[in-house]
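# Fold and geometry: a report
Spelled out, the chains give:
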Amino acid sequence: MTLLSNLILSFARLIIISLIAVTSSATLSIFCIKKSNIPGLYTVYYGDLEPIYVSEDGGFFIYGDIYKINSNSITNITDLDINKRRSEILKDLHSYKLISFKAEKEEYSVVVFTDVDCGYCRKLHKEIEDYNDIGITIKYAAFPRSGIGSEAFSKMVGAWCSNDKKSSLTKLKNDEDIVISFCEDQPVSKHFVIGKKL
């Protein structure tokens, strides 16, 4: 058997185990297969941030953390793999589709997934000038926690489709009403899907 067929066989075993363990019907698919840092072991991404590690012959897999022992430290290889995956996912966020509150003397830029009805999100937004003053630009991506089609989703689409996005978002976070308009190129749905992957 080829390496790929062995990996698929191993993944099929994982699906069977998952279906036995979980009563819901989950759909799993392989996103990518890469050689790991361990000879004979491959990193397989299948829809979750945390990968599984599959032996070259497809007979074994590991779901959990793998550590590398260095001369004076230990490195969590799985955490590094997850962070790489997060970076790849975040590349799907386009800066021009974010609502940015730019620091005049920017030293750092942070992407924040936000919900206009979230108390902690509102608290952060009230402190945005403090962050800007110390050189931190805040770039908002939409994440209506109650999901696509919810009231929060509609409000956020209204902000992202507004002519004055920053003002509209600020009003919503201050529990003020805005005129809700919809636009074909609203990114709220895409942001939500990306946020769910993280």
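Before going into details, it helps to say that this report is about the structure given with it. Predicted model only: the values in this text are computed from it and were never measured. (Residues numbered from 1 in each chain as written. Predicted model: local features only at pLDDT ≥ 70, side-chain atom pairs only at ≥ 80, totals over all residues. Heavy atoms only, no water.)

Our next topic: the packing of helix 5 (residues 151-161) against helix 6 (residues 165-173). The geometry of a pair of packed helices is captured by two quantities: the angle between their axes and the separation between those axes. Across the interface, helix 5 lies against helix 6 with an axial gap of 7 Å and an inter-helix angle of 155°. By the criterion of interaxial angle, the relationship of helix 5 to helix 6 is roughly antiparallel. Contacts between helix 5 and helix 6 involve Lys155, Ala159 and Trp160 on the former and, on the latter, Lys165, Ser168, Leu169 and Leu172. Here the contact of helix 5 with helix 6 is composed, by residue class, of four nonpolar, one polar and two charged. (Axes fitted to C-alpha atoms, helices over the stretch in contact; angles between N-to-C directions. Helix = DSSP H or I, 4+ residues; strand = E, 2+ residues; numbered from the N terminus. Parallel < 35°, antiparallel > 145°, perpendicular 65-115°, else oblique. Contact = heavy atoms within 4.5 Å. Nonpolar A, V, L, I, M, F, W, Y, C, P; charged D, E, K, R; others polar.)

Attention now goes to the state of the cysteines. According to the stated counting rule, one finds one disulfide in the structure shown. Between Cys161 and Cys183 runs a disulfide, and the two sulfur atoms are separated by 1.9 Å. Measuring handedness by torsion sign, the sulfur bridge of Cys161 and Cys183 sits at about -75° and is left-handed. One end of the pair, Cys161, is in helix 5; the other, Cys183, is in the loop between helix 6 and helix 7 (188-197), and 22 residues separate them in sequence. With a relative accessible area of 25%, Cys183 lands in the partly exposed category. (Disulfide = S-S within 2.5 Å. Buried < 20%, exposed > 50% of the residue type's maximum accessible area, 1.4 Å probe, protein only.)

Whenever strands of a sheet pair, they do so through backbone hydrogen bonds, lying parallel or antiparallel. With respect to topology, three strands assemble into an open sheet ordered 7-9-8, the strand pairing being mixed. For this open sheet the edge positions go to strand 7 (99-101) and strand 8 (108-114), each flanked by a neighbour on one side alone. Here the average twist between neighbouring strands, direction ignored, is 25°. Alignment of strand 7 against strand 9 (residues 136-142), held across three bridges, turns out to be antiparallel. For Ile99, the partnering residue across the bridge sits in strand 9 and is Tyr140. Helix-sheet contacts for helix 6 involve strand 7, strand 8 and strand 9, and the interaxial angle to strand 7 is about 85°. (Pairing = 2+ DSSP bridges.)

Next up on the list: the side chain of His191. With respect to the helices, strands and loops of the structure, His191 is situated in helix 7. In this structure His191 comes out as buried when scored by relative accessible area, which is 2%. With sequence-adjacent residues up to four places away left out, His191 is seen in contact with Leu93, Lys97, Leu98, Phe113, Ala141, Ala142 and Trp160.

Let us now look at a negative patch on the surface. There is a patch of like negative charges on the surface, built from Glu104, Glu129, Asp130 and Asp133. Position of Glu104 among the secondary structure elements: in the loop between strand 7 and strand 8. Here Glu104 falls in the exposed class, since its relative accessible area comes to 78%. (Patch = residues over 30% accessible without salt bridge, like charges linked within 9 Å, V, L, I, M, F, W, Y side chains within 5 Å. Areas by Shrake-Rupley, 256 points an atom, 1.4 Å probe, with all protein chains shown as cover. Salt bridge = Lys/Arg side-chain N within 4 Å of Asp/Glu carboxyl O. Lys, Arg positive; Asp, Glu negative; His and termini not counted. Charge placed at Lys NZ, Arg CZ, Asp CG, Glu CD.)

Glancing now at the environment of Leu124. Structurally, the position occupied by Leu124 is in helix 3 (residues 119-126). Considered as a pair, Leu124 and Val112 are 12 residues apart in the sequence and their alpha carbons are 9.8 Å apart. In this view, Leu124 contacts Val112, Tyr131 and Tyr140; residues no more than four positions away in its chain are not counted.

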